[in-house]
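# A look at the structure
Now for the letters of each chain:
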Amino acid sequence: MRVESVASWSEHWPFVHFSRFQETPWLFGPKFNGEPHSYTRFNLTQNMEGDNSQVEMKLSSDVDEEVGGNGVGEHLNHNSARKPYIAQKLGRTPRSLCFLAASVLLIFIIGYLIGYLVHRKKDAAPSCAATVPGLEDLPPPQDNVIPVMNWDDVKKLLFQKVSAANFEPVLADLSTSSHQAGSPGDEALANKLLKKFSDYGMKSWTDDHFVKVQDPPVSGYNRIVFKNGKEERPSGFLSYSACGTVSGAVLYGHYGEESDFMMLRSNNIDLSGRVVLVRAGRNSFAEKVANAAKLNASAVLIYPDPEDYSLEEGTGLFGHVHLGSGDPYTPAFPSFNHTQFPPVESSGLPKILAQTITARMAADILKQLGGQSIPMGWKGINRLGDESDTIRVEVNNVLKERKISNVFGVIKGIVDSDRYLVIGAQRDAWGPGFATATVGTSVLLELARSISEMMKEGFEPRRSIVFASWSAGEYGSVGATEWLEGYLSSLSMKAFTYINLDGVIAGRNGFKVAGSPLMHSLILGALKEVKSPNPAVSLFSQYAGGNWETNILEPLKVDNAAYPFLAFSGIPSISFRFTSGSKEYPYFGTMLDTRDKLNTATSNQVPQLAEIVTRFAGHMALRLVHDHLLKVDLAKYDRMIRGSVRQIYQKVNEVQRLQPQLFPKALTVQWLISASGSYSRASRNLAADIKNSDLDDIEMCRVINDRIMTVERDLLSPYVSPRESPFRHILLGSGPHTLQALSNHLNSFRSNNPEADADLFRNQFALATWTIQGCANSLAGNIWSLYNQI
């Protein structure tokens, strides 16, 4: 309502004395015509029976009486008994009273209509998903549309659409000998996928980035020279190594794990300036190099030991040594349009040289080493190496900028279309990359085709499905991570799960799954319902061996493309694969990753296994977009948090008992225990809300699903820099902010490690505590539902 002038008001409201305007209570002062006034009170009261709250707005009778028909609040608290009092007090003519009543009625009607329109607009408010290119025009959430196909029919329809016979032409069409990131072959594949998504009736688009990658030298090789012998020129290389030339004594470091280096230090071996020779396997190339760099080694050489890899002795290995993901020259922010960011590098870039060598080159070095005998349990060699076993390492990799394209297609949901599941696969490879990229991309394409065809036969997903083909995966999930960094604020609120299809077939004798603990119940359900290569039994029956968590579940590793979704973005993620049993598929990261090699490892069952992994991924995906409520396991994180807190509590007590001087002020674990209890209660309350929810109430389901989606995101520490510690998850991430880092820090106090810092530990302890409490508060829902205050 617009106020034109005091005079125009006084014409219609003759009983208001504007000559005493400064005393008007509802504008400036506590009195009106000398009578007392009490202000409007907003009383927020808690409804202890649920998560809803009640807001009461009480207007005093004095204000109602004095203001009368001024339009402020009379639609909230009308009382017809006051009308004679008003009329008697004002003593106005019937004409004035009629005008007053008409004005009040008109204002009431206008207010009601405005309130109704605002409420409707709120329901149809545009989604912030519009900030993600390609997802701008997802329709708003619908309140009156309910999918009709039941789950059994959905499973049956998926089974009909996926078959091994369909994979032969797809695998042949996508196979290529040259599709390195940013190359013409990679671009041709991107265009092919873009057209396929469009042909399936999906909206498709691309997302381009300009990233820096490190390729082999212009000469095609780096160099090593051992004991002034023959110069060796390994065919493999490690992207993002430091460049230059160093000389030092060789030291054998087993697999380059932290425990291996601790073993060497316990034998009084100094790693400073040494060139460490380690075996491939067990951990990533980047972790091996980072572990050696922390102990001041000058270079790392990595080789495939015949005990682990059945490769020809001259086979070179390719990989990267960036301890992170994405473009390491734009850490935590995206690489768009040649944007010139300040000169900054990821903290995960190594400062020492790294190079792969062949098994033959390693054997020539190992047989000449002197020095100490190897520790117990280390096999394959006799000596660790001494100061006379010198080697010169030269690395001249070339840093280049490349344009890469991620390709997307979307199937839109009909209820919560602005909430989406992302399914992705790496498209590029340094060589043929058949198992690395071709199989996963084929599964992605077949899954998109199958679900698109299901839509034509009546299937309607509640939520949207985004199919993504990533480039520059070989350099450390660069394409996927740059997309995450570019749209993190939107994706963390909208994307509720990521399913990774990289390397899904690497054998047929075993089956492994890694993922967020929230997804474990979903994974278990799919294992029990999807058939194994033996059609008479399920994947669970074939591979679980009585304990699926031991025999099928594995940790999600830092070099897995699903890891940045989980530990950097807080999006629950899943990755899975057929394996060769106890040994890894040996041809990943080599020029021998071909169809023939994978056929040998799978007994020529690639299409049949592709059918199974497509059904497994499809089963989980369709369950997530079909059900009213997201299928998650809240209790798993509860047990993990309580287990970590219990471990920290025991170690703190031990340190205080053995070395009380380390903490001159009492260090209590009570706050951490309290935060753990808050999360436990909040997760149980949400589980109860889920159990008691009305599945026909779409708005209630939406609210509960949004609460579920906050869990993973709120376990990311808000107190660390994404540049220094990109994987901020306090349970599954890496860095000083994690609960595991707290536990390790306490170990250093017990061993009198000079790096132990009591003040630093207190700070880490406080921030980890509040991260857990903050997650509990968010999980509880509305702020008036928080019962547990620290």
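As the structure is a prediction and not an experimental result, all values here were calculated from the model. Within each chain, residues carry numbers counting from 1 in the order of the written sequence. Given that this is a predicted model, residues contribute local features only at a pLDDT of at least 70 and side-chain atom pairs are listed and counted only at 80 or more, while totals for whole chains, interfaces and linings are drawn from all residues. Calculation of side-chain values draws on the structure's entire complement of heavy atoms; hydrogens and water are dropped beforehand.

Turning our eyes to something else, we now look at the overall build of the protein chain. Helix and strand assignments come from DSSP, with helices taken as H or I runs of at least 4 residues and strands as E runs of at least 2, each series counted from the N terminus. The helix and strand inventory of the protein chain stands at 24 helices and 20 strands. Per-residue burial over the protein chain gives 53% buried out of 790 residues. Only heavy atoms matter for contacts: two residues are in contact if any of them lie within 4.5 Å across the pair. Sequence-distant contacts, at least 24 apart, represent 78% of the contacts inside the protein chain between residues at least 6 apart. When the accessible area of the protein chain is evaluated, it comes to approximately 35,100 Å², of which 53% is carbon and sulfur surface. A 1.4 Å probe rolled over the protein chains alone gives each residue an accessible area, and that area as a share of the maximum for its type sets the label: buried under 20%, exposed over 50%, partly exposed in between. Reported accessibility uses the Shrake-Rupley method at a 1.4 Å probe radius. Residues are deemed covered only where the shown protein chains occlude them.

An α-helical segment advances 3.6 residues per turn. Residues three or four places apart therefore align on the same side. Listed as buried for helix 9 (residues 285-294) are Phe285, Ala286, Lys288, Val289, Asn291 and Ala292. Of the surrounding secondary structure, the elements contacted by the buried residues of helix 9 are strand 8 (237-239), helix 8 (258-266), strand 10 (275-279), strand 11 (299-303), strand 12 (318-320) and strand 13 (353-356). Following helix 9 by one or two positions, Asn296 has its phi on the positive side, about 70°.

Another point: the nonpolar core. Counting 189 residues, the largest nonpolar core has Ile423, Phe467, Trp483, Leu501, Phe511, Phe576 and Phe616 as the members making the most contacts within it. Ranked by residues supplied to this core, first place goes to helix 19 (residues 606-626) with 12 residues. Once residues lying within four places of it in the same chain are set aside, the contact partners of Phe467 are Phe197, Met202, Val407, Phe408, Gly409, Ile411, Ile423, Leu444, Leu447, Ala448 and Ile451. What makes a nonpolar core is a set of buried Ala, Val, Leu, Ile, Met, Phe, Trp, Tyr and Cys residues whose side-chain atoms join them at distances within 4.5 Å. In terms of nonpolar packing, the next biggest core, distinct from the first, is built from 13 residues, Ala181, Val213, Leu349 and Ala472 among them.

The next thing to look at is the packing of helix 14 (residues 520-529) against helix 19. Working convention: axes come from line fits to C-alpha atoms, limited for helices to the stretch in contact. Angles between N-to-C directions cover 0 to 180 degrees. Between helix 14 and helix 19, the least distance of the axes is 9 Å, while the angle of their chain directions is 130°. The angle between helix 14 and helix 19 falls in the class oblique. The element helix 14 and its partner helix 19 pack so that their crossing is right-handed. Contact with helix 14, carried on its side by Leu522, Ile523, Gly525, Ala526, Leu527 and Glu529, involves Phe616, His619, Met620, Arg623 and Leu624 of helix 19 and no other residues of that element. In this classification, the charged set is Asp, Glu, Lys and Arg, the nonpolar set is Ala, Val, Leu, Ile, Met, Phe, Trp, Tyr, Cys and Pro, and all remaining amino acids, among them Gly, are polar. Of the residues contributing to the contact of helix 14 with helix 19, the split by class is seven nonpolar, two polar and two charged. By definition in this entry, angles of less than 35 degrees are roughly parallel, angles greater than 145 are roughly antiparallel, angles of 65 to 115 are roughly perpendicular, and the rest are oblique. The crossing is said to be left-handed when, going from far helix to near helix, the turn is anticlockwise and less than a right angle, and right-handed when the turn is clockwise.

Attention now moves to the confidence of the model for the protein chain. Every residue gets a pLDDT, meaning the predictor's confidence in that residue, from 0 to 100. Averaged over every residue, the pLDDT of the protein chain is 84; the share at 70 or more is 81%. Note on residues 1-91: pLDDT is under 50 here. Beyond four places in sequence and across chains, it has 98 contacts.

Here a strand pair is declared whenever DSSP counts at least two bridges between the two strands. Within the open sheet, the seven strands sit side by side as 7-6-14-9-10-11-13. Their pairing is mixed. Strand pairing shows two members of the sheet lacking a second neighbour, strand 7 (231-232) and strand 13, which therefore form its edges. In terms of strand pairing, strand 6 (residues 223-226) meets strand 7 through two bridges, oriented antiparallel. Opposite Ile224, over in strand 7, you have Glu232 as the bridge partner.

Moving on: the sheet that holds strand 5 (residues 203-215). Ordered by their spatial adjacency, seven strands build an open sheet running 5-15-17-16-18-20-19, and the pairing between neighbours is mixed. The open sheet has two edge strands with one neighbour each: strand 5 and strand 19 (510-515). Within the sheet, the average angular offset between the axes of one strand and its neighbour, ignoring direction, is 20°. Sheet topology note: the strand 18 (residues 495-500)/strand 20 (residues 573-579) ladder contains three bridges and is parallel. Considered in strand 20, the bridge of Asn500 is made with Ser575. In this fold helix 11 (residues 434-456) packs onto strand 15 (398-411), strand 16 (416-426) and strand 17 (463-470), with an angle of close to 150° to the strand it touches most, strand 16.

Turning next to the side chain of His322. If you trace the backbone, His322 turns up in the loop between strand 12 and strand 13. His322 sits in the buried class, given a relative accessible area of 2%. Here a polar contact means two N or O atoms within 3.5 Å. Within protein one must be a hydrogen donor candidate and the other an acceptor candidate, and residues neighboring in sequence count only if both atoms are side-chain atoms. Here the side chain of His322 touches Ser346 through a polar contact of 2.8 Å, side chain to side chain. Ignoring anything within four residues of it in the chain, the contact list for His322 reads Tyr240, Ala286, Pro328, Ser346, Gly348 and Leu349.

The residue Arg282 is not glycine, and still its phi comes out positive at about 75°. Tracing the backbone through its elements, the reader meets Arg282 in the loop between strand 10 and helix 9.

Next up on the list: the pattern of salt bridges. What makes a salt bridge here is a side-chain nitrogen of Lys or Arg within 4 Å of a carboxyl oxygen of Asp or Glu, nothing more. Enumeration according to the criterion identifies 41 salt bridges in this entry. A salt bridge links Arg402 to Asp215; the shortest N-O distance between them is 2.1 Å. Of the two residues, Arg402 is situated in strand 15 and Asp215 in strand 5; the sequence distance between them amounts to 187 residues. What makes Arg402 buried here is its relative accessible area of 16%. In this structure, Arg707 and Asp689 form a salt bridge, with 3.0 Å as the shortest nitrogen-oxygen distance. Of the two residues, Arg707 sits in helix 22 (residues 698-714) while Asp689 sits in helix 21 (residues 670-691), which places them 18 residues apart along the sequence.

Two rings from Phe, Tyr or Trp (for Trp, the six-membered ring) form a pair when their centres sit within 6.5 Å of each other. Planes less than 30 degrees apart are called stacked, planes more than 60 degrees apart edge-to-face, and all others tilted. For the structure on display, the rule yields 27 aromatic pairs. When the centroid spacing of 5.6 Å and the interplanar angle of 80° are considered together, the rings of Phe408 and Trp470 count as edge-to-face. Here the residue Phe408 occupies a position in strand 15, and Trp470 occupies one in strand 17, the gap between them amounting to 62 residues. Trp470 carries the same exposure label as Phe408, and that label is buried. Judged by centre distance (5.4 Å) and plane angle (45°), the ring pair of Trp470 and Trp483 falls under tilted. Placement of the pair is Trp470 in strand 17 and Trp483 in helix 12 (residues 478-486), with a sequence separation of 13 residues. Pair check on accessibility: Trp470 and Trp483 agree, each one buried. Two thresholds decide whether a charge sits over a ring: the Lys NZ or Arg CZ must be within 6 Å of the ring centre and within 35 degrees of the ring normal. When the ring centre of Phe540 is taken as reference, the NZ or CZ atom of Lys528 above it lies at 5.2 Å.

Before going further, it helps to examine helix 20 (residues 634-658). End to end, helix 20 covers 37 Å across 25 residues, agreeing with the expected 36 Å (1.5 Å per residue, within 8%). Looking only at helix 20, the buried set comprises Leu634, Lys636, Tyr637, Asp638, Ile641, Ser644, Val645, Ile648, Lys651, Val652 and Val655. Where helix 20 begins, the capping side chain belongs to Asp633, and its oxygen is found 3.4 Å from the backbone nitrogen of Ala635. Residue count minus one, scaled by 1.5 Å, sets the expected span of a helix.

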